[in-house]
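For reference, the chains in residue letters:
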Amino acid sequence: MKLVLALMWLLHWLPLSILGRIGEAVGSLLFKLIKSRRHITLTNLRLCLPQLSEEERVAIAKRHFQVYVRSVLERSILWWASERRLRKLIHVEPSVPMDIITAGPTILLCPHFVSLDVAGIALSLESPVCSIYTEQRNKVFDEALRKGRLRFNKIKLFSRAEGIKPIIRAMREPTPFFMLPDMDFGPKDAEFVPFFGIKAATLTAAPRIAAATKAKVIPVIATILPNYQGWKVVFHPPWENYPGDDMVEATRFMNSFIEKEIMKAPAEYFWAHRRFKTRPEGEASVY
């Protein structure tokens with residue numbers, strides 16, 4: 001792992017146009033070699049995008065592998081490039097909403113697009129931030145990942161095992177909570193809410209925390225700019241009257257929003273994750 005990280009450090013000196021092409025080439029190769037992840041990706045696409053032809057879904061899946069590997073290599077830039085270079089490559093639209101963040105508790109809701117780490121850096125360049133962190137199995141990589149995410153401002157990373165109390169305390173300082181809301185962590189604290197019409201175990205944490213703290217919820221989406229120009233990070237307007245009284249309906253609204261954003265850049269969503277791993281009682285695995 002130390003050798004891998006040394007190689008990544010060397011890669012961060014490359015122009016993004018070269019680094020991106022290397023990532024896409026490796027991704028094309030892995031699409032052919034890693035059958036299990038290819039199967040998961042194509043299964044998710046068949047479930048979520050049945051209106052497309054199989055040929056179209058395969059094209060999206062292949063492109064997904066390309067941009068995913070590219071995003072892994074591009075972390076070298078996020079971890080080691082100068083602040084000046086990062087600000088040149090990260091295009092924020094319209095801007096980081098510091099007026100809302102400093103006014104009170106805020107949740108920055110960031111779905112699992114492959115460039116989500118770019119969104120985290122864009123935020124941390126301007127503001128302290130807190131988030132949930134899953135410790136990596138490899139200690140050397142874990143240390144590199146933590147250092148990369150803790151480069152700017154005052155970043156607080158909490159373990160999932162600590163629960164939401166330290167997050168709520170940080171939000172009341174106020175420190176914005178950078179939240180990843182859309183992975184399958186099992187049935188605990190989740191509801192089976194439609195995701196592209198398929199029942200998906202979806203954490204209700206976003207509306208519950210928003211209700212408990214009276215936080216504004218601001219979606220933030222990071223995508224790749226064309227022609228290797230960098231990345232676009234869009235901070236959407238805060239959701240009005242969210243979450244309301246019905247946490248399940250609020251979770252359904254969140255999934256619906258994510259669906260619409262996925263359709264703008266379908267290959268960049270994290271399809272290789274087993275999003276439908278947890279099934280309602282009696283239903284067989286889709287994988």
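Residues numbered from 1 in each chain as written. Predicted model: local features only at pLDDT ≥ 70, side-chain atom pairs only at ≥ 80, totals over all residues. Heavy atoms only, no water.

Turning next to the nonpolar core. Residues Trp-231 and Val-233 are the most contacted members of the largest nonpolar core, which totals 42 residues. With six residues, the top contributor of residues to this core is helix H7 (residues 116–124). The contact partners of Trp-231, leaving out residues within four places of it in the chain, are Leu-16, Glu-74, Ile-77, Leu-78, Leu-89, Ile-90, His-91, Ser-115, Val-118, Thr-223, Ile-224 and Leu-225. Counting residues in hydrophobic clusters, the runner-up holds 40 residues, among them Phe-158, Phe-195, Trp-271 and Phe-276. (Core = buried A, V, L, I, M, F, W, Y, C linked by side-chain atoms within 4.5 Å. Buried < 20%, exposed > 50% of the residue type's maximum accessible area, 1.4 Å probe, protein only. Helix = DSSP H or I, 4+ residues; strand = E, 2+ residues; numbered from the N terminus. Contact = heavy atoms within 4.5 Å.)

Along the chain, the position of Pro-237 falls in the loop between strand S9 (231–235) and helix H11 (247–262). Along the backbone, Pro-237 and Val-220 are 17 residues apart, and their C-alpha atoms lie at a distance of 9.3 Å. Dropping the residues within four chain positions of it, Pro-237 is found in contact with Val-217 and Pro-219.

The next subject is empty space enclosed by the protein. Summed over the entire model, instances satisfying the criterion amount to one cavity of 30 Å³ or more. Roughly 50 Å³ of internal volume is contained in the largest cavity. In terms of lining, the largest cavity is formed by Ser-71, Glu-74, Arg-75, Leu-78, Val-114, Ser-115, Leu-116, Asp-117, Val-118 and Trp-231. Elements represented by at least two residues in the lining of the largest cavity include exactly helix H4 (54–80) and H7. (1 Å grid on protein atoms, 1.4 Å probe; cavity = no way out; pocket = protein on both sides within 12 Å on 5 of 7 lines; lining within 4 Å. Points joined across faces, edges and corners; volume = space filled by probe spheres on them.)

Spatial strand order, S1-S9-S8-S2-S5-S3-S4: seven strands in an open sheet with mixed pairing. On the outer flanks of this sheet lie strand S1 (90–93) and strand S4 (155–159), each paired with one strand and no other. Between one strand axis and the next, the sheet turns through 25° on average, direction left out of account. Sheet topology note: the strand S2 (residues 106–109)/strand S8 (residues 216–224) ladder contains four bridges and is parallel. Its bridge partner being in S8, Leu-108 is matched across the sheet by Ile-218. (Pairing = 2+ DSSP bridges. Axes fitted to C-alpha atoms, helices over the stretch in contact; angles between N-to-C directions.)

This next bit is on the packing of helix H3 (residues 35–48) against H4. How two helices pack is summed up by the angle between their axes together with the distance between the axes. Between H3 and H4, whose axes approach to 10 Å, the crossing angle comes to 130°. Taken together, the axes of H3 and H4 lie oblique to each other. Between H3 and H4 lies a crossing of right-handed hand. Together, Arg-37, Arg-38, Thr-41, Leu-42, Leu-45 and Arg-46 of H3 and Glu-54, Arg-57, Val-58, Ile-60, Ala-61, His-64 and Phe-65 of H4 make up the contact between the two elements. Here the contact of H3 with H4 is composed, by residue class, of six nonpolar, two polar and five charged. (Parallel < 35°, antiparallel > 145°, perpendicular 65-115°, else oblique. Left-handed = near helix turned anticlockwise from the far one by under 90°. Nonpolar A, V, L, I, M, F, W, Y, C, P; charged D, E, K, R; others polar.)

So, on to the packing of helix H2 (residues 16–33) against H4. As a packed pair, H2 and H4 sit with axes 7 Å apart at the nearest point and diverge in direction by 135°. Taken together, the axes of H2 and H4 are oblique relative to one another. The hand of the H2/H4 crossing is right-handed. Across the interface between the two elements, Leu-16, Leu-19, Gly-20, Ile-22, Gly-23, Glu-24, Val-26, Gly-27, Ser-28, Leu-30 and Phe-31 of H2 pack against Val-58, Ala-61, Lys-62, Arg-63, Phe-65, Gln-66, Val-69, Arg-70, Leu-73, Glu-74, Ser-76 and Ile-77 of H4. Within the contact of H2 with H4, the residues separate by chemical class into 12 nonpolar, six polar and five charged.

Functional significance is not addressed by these values, which are geometric in nature.
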